[in-house]
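# Breakdown of the fold
Next come the chains, spelled out residue by residue.
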Amino acid sequence: MTIQRRMILDELRASRSHPTADEVYERVKRKLPRISLGTVYRNLEALASQGAIQRLDLAGVQRRFDHAPAPHHHVRCVRCGALEDIILRGSAHPDQLVQDARGFEILDAKLEFLGICPECREPGPPVPRNSHFH
Ligand SMILES: [Zn+2]
Ligand SMILES: [Zn+2]
């Protein structure tokens, strides 16, 4: 693994969030000022192809990357767009949620819940921002 790729993976993992390629680039650039957005993008795509990270293709938002390679579900803030992992109760196979699969064999599901994050909900003093990627 190149130093660049290692640095990109470290930044993604440190963020604990689901940054876009642009956001990863902004972070990595502080340590590797000569790196280009294209290089960051290519490395993220390569890491995703290797299964080291996940590429998230969600409706209506810029492609984000996820440090966690295993399938899981997300909640998205409708105000600021913050995206966090969400933990579901139980471990039912998505198949069991479906009443009529229209003849499909269900393999997997990616659920995206919509909500308002604590930061957007609270008008008072700001909550710690460590779970956000800013
Ligand atoms: Zn928010
Ligand atoms: Zn995630």
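Residues numbered from 1 in each chain as written. Chains lettered and ligands numbered in written order. Predicted model: local features only at pLDDT ≥ 70, side-chain atom pairs only at ≥ 80, totals over all residues.

## What about the overall build of the protein chain?
A count of helical and extended segments in the protein chain gives four helices and five strands. Helices (α) and strands (β) of the protein chain occur, in sequence order from the N terminus, as α-α-α-β-β-β-β-β-α. The contacts in the protein chain between residues at least 6 apart in sequence include a share of 50% that link residues at least 24 apart. (Helix = DSSP H or I, 4+ residues; strand = E, 2+ residues; numbered from the N terminus. Contact = placed C-beta atoms within 7 Å.)

## Brief notes about the sheet that holds strand β3 (residues 73-77)
Sheet architecture is open: three strands sit in the order β4-β3-β5, paired in mixed fashion. The open sheet has two edge strands with one neighbour each: β4 (83-86) and β5 (112-115). The average undirected angle you get between the axes of adjacent strands in this sheet is 30 degrees. Two elements, β3 and β4, share four bridges in a ladder whose sense is antiparallel. Bridge pairing in β4 links His74 to Asp85. (Pairing = 2+ DSSP bridges. Axes fitted to C-alpha atoms, helices over the stretch in contact; angles between N-to-C directions.)

## Some words on helix α1 (residues 3-15)
Helix length check: α1 (13 residues) gives 18 Å between terminal C-alpha atoms against 18 Å at 1.5 Å per residue, within 8%. Those residues of α1 lying buried are Ile8, Glu11 and Leu12. Taken down its axis, α1 places every buried residue within 100 degrees of arc, on the same side. Residues of α1 that are exposed and angled more than 90 degrees away from the buried face: Ile3, Arg6, Arg13 and Ala14. If you follow the buried residues of α1, they end up packed against α2 (21-31), α3 (37-50) and β2 (64-66). With its phi angle positive at about 55 degrees, Arg16 sits one or two positions after the end of α1. (Expected span 1.5 Å × (residues − 1). Buried ≥ 20, exposed ≤ 12 C-beta atoms within 10 Å, placed from the backbone. Arc of directions from axis to C-beta.)

## A look at the pairing of β3
Where β3 folds back on β4, the antiparallel hairpin that results is connected by five residues, among which Gly81 adopts a positive phi of roughly 85 degrees. Across four bridges, β3 lies against β5 in parallel orientation. For His74, the partnering residue across the bridge sits in β5 and is Glu112.

## Let's talk about unusual backbone geometry
One can expect most non-glycine residues to show negative phi and most peptide bonds to be in trans. Positive phi, close to 55 degrees, is recorded for Arg102, a residue that is not glycine. Looking at the element boundaries, Arg102 is found in the loop between β4 and β5. We classify Arg102 as exposed; it has 5 C-beta atoms within 10 Å.

## Observations regarding the nonpolar core
In terms of nonpolar packing, the biggest core is built from 11 residues, these being Ile8, Leu12, Ala21, Val24, Tyr25, Val28, Val40, Leu44, Leu47, Ile53 and Phe65. For this core, the secondary-structure elements that each account for two or more residues are α1, α2 and α3. Ranked by the residues each element gives to this core, the list is headed by α2, at four residues. Discounting residues that sit within four places of it in the chain, Ala21 has contacts with Leu37, Val40, Tyr41 and Leu44. (Core = buried A, V, L, I, M, F, W, Y, C linked by C-beta atoms within 7 Å.)

## A short note on the packing of α1 against α2
As a packed pair, α1 and α2 sit with axes 10 Å apart at the nearest point and diverge in direction by 120 degrees. With respect to their mutual orientation, α1 and α2 come out oblique. Seen from above, α1 lies across α2 with right-handed handedness. Along the contact surface, α1 presents Met7, Ile8, Glu11 and Leu12, while α2 presents Val24, Arg27, Val28 and Lys31. (Parallel < 35°, antiparallel > 145°, perpendicular 65-115°, else oblique. Left-handed = near helix turned anticlockwise from the far one by under 90°.)

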